[in-house]
Structure formats: structure tokens, C-alpha cells
Amino acid sequence: MPFIAIKTSGKALGPADIETLHQETTALMAKIMGKKAEVTAVLVEEAPASRWSVGGQALAVTGGITAHADIKITQGTNTVQEKAAMIAATRDMLRRVLPGLSEVAYVVIDEIPATDWGYGGLTQAERKRRADADAA
């Protein structure tokens, strides 16, 4: 059950750009991280260039383009190598959608304990417990 929030600034996103971010992020989560596409949620937001700065200078002044991708996954479900591959692949995807992307564009993977998040009113830990009970 990953949740990915992608924020961009410095270049207006068109409908095709947003669709690409939704589809490719979901596909990368499935391919690299082994996550189920049907429960992968992706939020794409744009921030005004006047509200985002790099090196203390607003993008509205510098004309820069940047992004931040925050990927939330359940703690302990992916290897160090998978996480590194996801960070690199997400960066590549962002560069394709946002030509001229600043080097200062962060991809962050947050690992959350299974007891601390979930969907459908159940934590990930409870989902696992129920699946294990059903299998027994």
C-alpha cells in the first residue's frame, strides 16, 4: 500500500504530464518495489515558483524547475538495493517529465511501521494478521 506525493514547481504540468507521473510512478512501484498497483496511490501537486526556493532563491527569480517525490512504504518491506533503484528510477522519470530539472530535486522514501498506517480502516499489521489467520 504505497502512497506517493509528487510536488513540482517551475514548469506548468499539462494533463499528459500528470498522467505520465501517475502511470509511471505506479509502474515503478510495482516493478522495482514489488507493490500492488491496485493499492498504489499517487498525488501530483504543483507549487507556485514564488513559494519554492533552491539555495535561498525563489524559482520565480531563477527560472529553475524542481520536484520532490515522497514515497511512503511499510517498514521492512524493501531492500536497500530496491530503495536505491527506486530513487534513481523516480529521478529519471521526473527528468523526462520536467526537462531542465534542478539537481536539487529530492526523492525520499519514508518507511512507516505496519502498525502506524493503512487503508480501508485497517492498519497494514492488521491486514497481515487477518491474511495469516485466513491462510491457517
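Report follows, based on the coordinates. On a predicted model such as this, the values are computed, not experimentally measured, just so you know.

Here the focus is the environment of Ala 67. Along the chain, Ala 67 turns up in strand β5 (residues 66–74). A relative accessible area of 1% places Ala 67 in the buried class. Taking C-alpha positions, Ala 67 is 7.0 Å from Ile 6, a pair spaced 61 residues apart along the chain.

Quick look at the packing of aromatic side chains now. Tallying each qualifying case throughout the model produces 0 aromatic pairs. Stacked on the ring of Tyr 119, the Lys or Arg Arg 127 has its end atom at 3.8 Å from the ring centre.

It is worth spelling out the layout of surface pockets at this point. The volume enclosed by the largest pocket comes to roughly 460 Å³. If you trace the largest pocket, you find 18 residues lining it, with Met 1, Lys 36, Tyr 119, Gln 124 and Arg 127 closest to the centre. Secondary-structure elements contributing two or more residues to the lining of the largest pocket are β5 and α4 (124–135). Counting residues per element, the lining of the largest pocket draws most heavily on α4, which supplies 6 residues. A breakdown of the residues in the lining of the largest pocket according to their chemical character gives 9 nonpolar, 4 polar and 5 charged.

Further remarks concern the pattern of salt bridges. Counted under the stated rule, the structure contains 10 salt bridges. Salt-bridge contacts for Arg 130 lead to Glu 126; the nearest nitrogen and oxygen are separated by 2.9 Å. Remark: Glu 126 and Arg 130 occur in helix α4; sequence separation between them is 4 residues, near one turn of the helix. Residue classification places Arg 130 among the partly exposed positions, given a relative accessible area of 41%. Each of Asp 70, Lys 72 and Asp 110 takes part in salt bridges that share partners, so that together they form one network.

Turning to the pairing of strand β1 (residues 3–9), a few remarks are in order. When you tally the buried positions in β1, you get 5 out of 7 residues, the bulk of the element. As judged from the 6 bridges shared by β1 and strand β2 (residues 41–46), these two strands associate in the parallel manner. Bridge assignment links Ile 6 to a residue of β2, and that residue is Val 44. Each parallel crossover has a hand, and for β1 linked through helix α1 (residues 15–31) to β2 it is right-handed.

Rules used in this analysis
Residues numbered from 1 in each chain as written. Predicted model: local features only at pLDDT ≥ 70, side-chain atom pairs only at ≥ 80, totals over all residues. Heavy atoms only, no water. Helix = DSSP H or I, 4+ residues; strand = E, 2+ residues; numbered from the N terminus. Buried < 20%, exposed > 50% of the residue type's maximum accessible area, 1.4 Å probe, protein only. Phe/Tyr/Trp six-rings, centres within 6.5 Å; stacked < 30°, edge-to-face > 60°. Lys NZ or Arg CZ within 6 Å of the ring centre and 35° of its normal. 1 Å grid on protein atoms, 1.4 Å probe; cavity = no way out; pocket = protein on both sides within 12 Å on 5 of 7 lines; lining within 4 Å. Points joined across faces, edges and corners; volume = space filled by probe spheres on them. Nonpolar A, V, L, I, M, F, W, Y, C, P; charged D, E, K, R; others polar. Salt bridge = Lys/Arg side-chain N within 4 Å of Asp/Glu carboxyl O. Pairing = 2+ DSSP bridges. Right-handed = clockwise from strand over helix to strand, strands pointing away.

Distances and angles like these do not, on their own, reveal function.
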